[in-house]
Amino acid sequence: MIGQDFPKIEWHILGLDLLEPNAMIGDIVLFTTSLYIARQIDLNFGRHSFYRNWRRFFLCFGWSFLFGGFGHLFYNYLGLWGKYPSWILGMVATYFLSKAIISLWPQAKQKTTFERFALALLLIGMCIEVIVFMTVDLSIDQSKGLFVPTLISGIGLIFSLVFLGAHYQKTIHPNFKFLWIAALTLLPNAFIQSQKINLNQWFDRNDFSHVLLFISLLLYFHTIKTTQSATVLKA
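Notes on the structure in this doc start here. Keep in mind that this is a model prediction, so the values were computed, not measured. (Residues numbered from 1 in each chain as written. Predicted model: local features only at pLDDT ≥ 70, side-chain atom pairs only at ≥ 80, totals over all residues. Heavy atoms only, no water.)

1. Things to note about the overall build of the protein
Looking only at helices and strands, one finds ten helices and two strands in the protein. Listed N to C, the secondary structure of the protein is β-β-α-α-α-α-α-α-α-α-α-α in terms of helices and strands. Long-range pairs, those at least 24 residues apart, make up 73% of the contacts in the protein with a sequence separation of at least 6. (Helix = DSSP H or I, 4+ residues; strand = E, 2+ residues; numbered from the N terminus. Contact = heavy atoms within 4.5 Å.)

Structure representation (structure tokens):
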């Protein structure tokens, strides 16, 4: 189904009227994968800011999707309030990803400028999102609430994964190419969501996005693992 969504799958259990169990399954997969990778980074990598911020990214990313899953599942009870934490945490996760990649930039003054840009982007995004929460009737169209997090995260990811990733591919290690490859993997998300491309009621546009996000997580971790010797030298 293209251009509109299937009716939400209803799930009645223990007297509860739940929605979209398929979305919850995808969110749990992303949550467990993210926490597993965060744990691996904590156990096997150094304390350099590159690794510490990647760990923070995976933790925030994972929890944002777990909250998002509960927001879908308990929408009949939580309403839009169940969506807000995941939207905010998504921007925070992008901030930590940006900080991780910026930490390898060799020029101190430019690094400080980049860090300030990343922080300003996060704060602007959060302020605008709060205004949206307070002034826009999202019950009519939830995509208006997703627009700001998507835009802010998109800007942060393009700068970090594409611009810096391509630079580090040339100057630090060839496998930093997997960062911009991850960005290309995520690119179809915007089209899938905006055009409402749903392959099946049990595999809708959100589930499609979950698959692309899962692949991106693996590409991030592959980059971290295969460039470890080079990033340690830069520490």
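2. Brief notes about the packing of aromatic side chains
Counted under the stated rule, the structure contains 25 aromatic pairs. Measuring from centroid to centroid gives 6.0 Å for Phe70 and Phe74, while their planes differ by 25°, and the two rings are stacked. Look at Phe70 and you get partly exposed, because its relative accessible area is 34%. Taking 5.2 Å as the distance between ring centres and 70° as the angle between the ring planes, the aromatic pair formed by Trp105 and Phe114 counts as edge-to-face. Judged on exposure class, the residue Trp105 and its partner Phe114 are both buried. (Phe/Tyr/Trp six-rings, centres within 6.5 Å; stacked < 30°, edge-to-face > 60°. Buried < 20%, exposed > 50% of the residue type's maximum accessible area, 1.4 Å probe, protein only.)

3. Side note on a nonpolar patch on the surface
Together, Ile13, Leu14, Leu16, Tyr77 and Leu78 make up an exposed nonpolar region whose accessible area comes to about 490 Å². Considering the arrangement of structural elements, one finds Leu16 in strand S2 (residues 16–19). (Patch = residues over 30% accessible without salt bridge, like charges linked within 9 Å, V, L, I, M, F, W, Y side chains within 5 Å. Areas by Shrake-Rupley, 256 points an atom, 1.4 Å probe, with all protein chains shown as cover. Salt bridge = Lys/Arg side-chain N within 4 Å of Asp/Glu carboxyl O.)

4. Re the environment of Phe67
Tracing the sequence through the fold places Phe67 in helix H2 (residues 49–73). Relative accessible area serves as the criterion here: at 35%, Phe67 is assigned to the partly exposed category. As for Phe67 and Phe31, which are separated by 36 residues in sequence, their C-alpha atoms are 9.4 Å apart.

5. A closer look at the pattern of salt bridges
Taken as a whole and judged by the stated rule, the model has three salt bridges. In this structure, Arg47 and Asp42 form a salt bridge, with 3.3 Å as the shortest nitrogen-oxygen distance. On the accessibility criterion, Arg47 (55% relative accessible area) is exposed. The class of Asp42 is partly exposed, set by a relative accessible area of 25%. A salt bridge links Asp42 to Arg55, with the nearest nitrogen and oxygen atoms 3.8 Å apart. Of this pair, Asp42 sits in helix H1 (residues 21–44) while Arg55 is found in helix H2, placing the two residues 13 residues apart along the sequence. Judged by relative accessible area, Arg55 falls into the partly exposed class, the value being 31%. Overlapping salt bridges, with partners in common, bring together Arg39, Asp42, Arg47 and Arg55 in one network.

6. Section: the nonpolar core
Ranked by size, the top nonpolar core spans 56 residues in total, and within it Ile41, Trp54, Phe57, Phe58 and Tyr220 carry the most contacts. When residues of this core are traced back to their parent elements, those giving at least two are H1, H2, helix H4 (84–102), helix H5 (108–135), helix H6 (143–171), helix H7 (177–186) and helix H9 (205–226). Ignoring sequence-local partners within four residues, the contact set of Tyr220 consists of Trp54, Phe57, Phe58, Leu97, Leu157, Leu161, Leu179, Ala182 and Leu186. Residues Leu18, Met24, Phe31 and Leu66 belong to the second largest nonpolar core, which totals five residues. (Core = buried A, V, L, I, M, F, W, Y, C linked by side-chain atoms within 4.5 Å.)

7. Quick word on the side chain of Thr185
Position of Thr185 among the secondary structure elements: in helix H7. In terms of polar contacts, Thr185 uses its side chain to reach the backbone carbonyl oxygen of Ile181, at 2.9 Å. (Polar contact = N/O pair within 3.5 Å; in protein donor to acceptor, adjacent residues only side chain to side chain.)

8. Focus: the environment of Ser160
Looking at where Ser160 falls in the secondary structure, it is placed in helix H6. Sequence separation of Ser160 and Ile102 is 58 residues, and the distance between their C-alpha atoms is 7.3 Å. If near-sequence neighbours (up to four positions away) are discounted, Ser160 is found in contact with Leu97, Ser98, Ile101 and Gly165. Side chain to side chain, Ser160 and Ser98 meet in a polar contact 2.9 Å long.

9. Notes on the side chain of Glu129
Note that Glu129 resides in helix H5. In this structure, Glu129 is buried with no salt-bridge partner, the nearest side chain bearing the opposite charge being Lys83 at 12 Å. Leaving out residues up to four positions away in the same chain, Glu129 has contacts with Trp87, Ile88, Met91, Gly145, Val148 and Pro149. (Lys, Arg positive; Asp, Glu negative; His and termini not counted.)

10. Brief notes about H7
What sets the pattern is the α-helix's 3.6 residues per turn: residues three or four places apart point alike. All of the buried residues along H7 are Phe178, Leu179, Ala182, Ala183, Thr185 and Leu186. Down the axis, H7 shows its buried residues gathered within 155° of arc, on one side only. (Arc of directions from axis to C-beta.)

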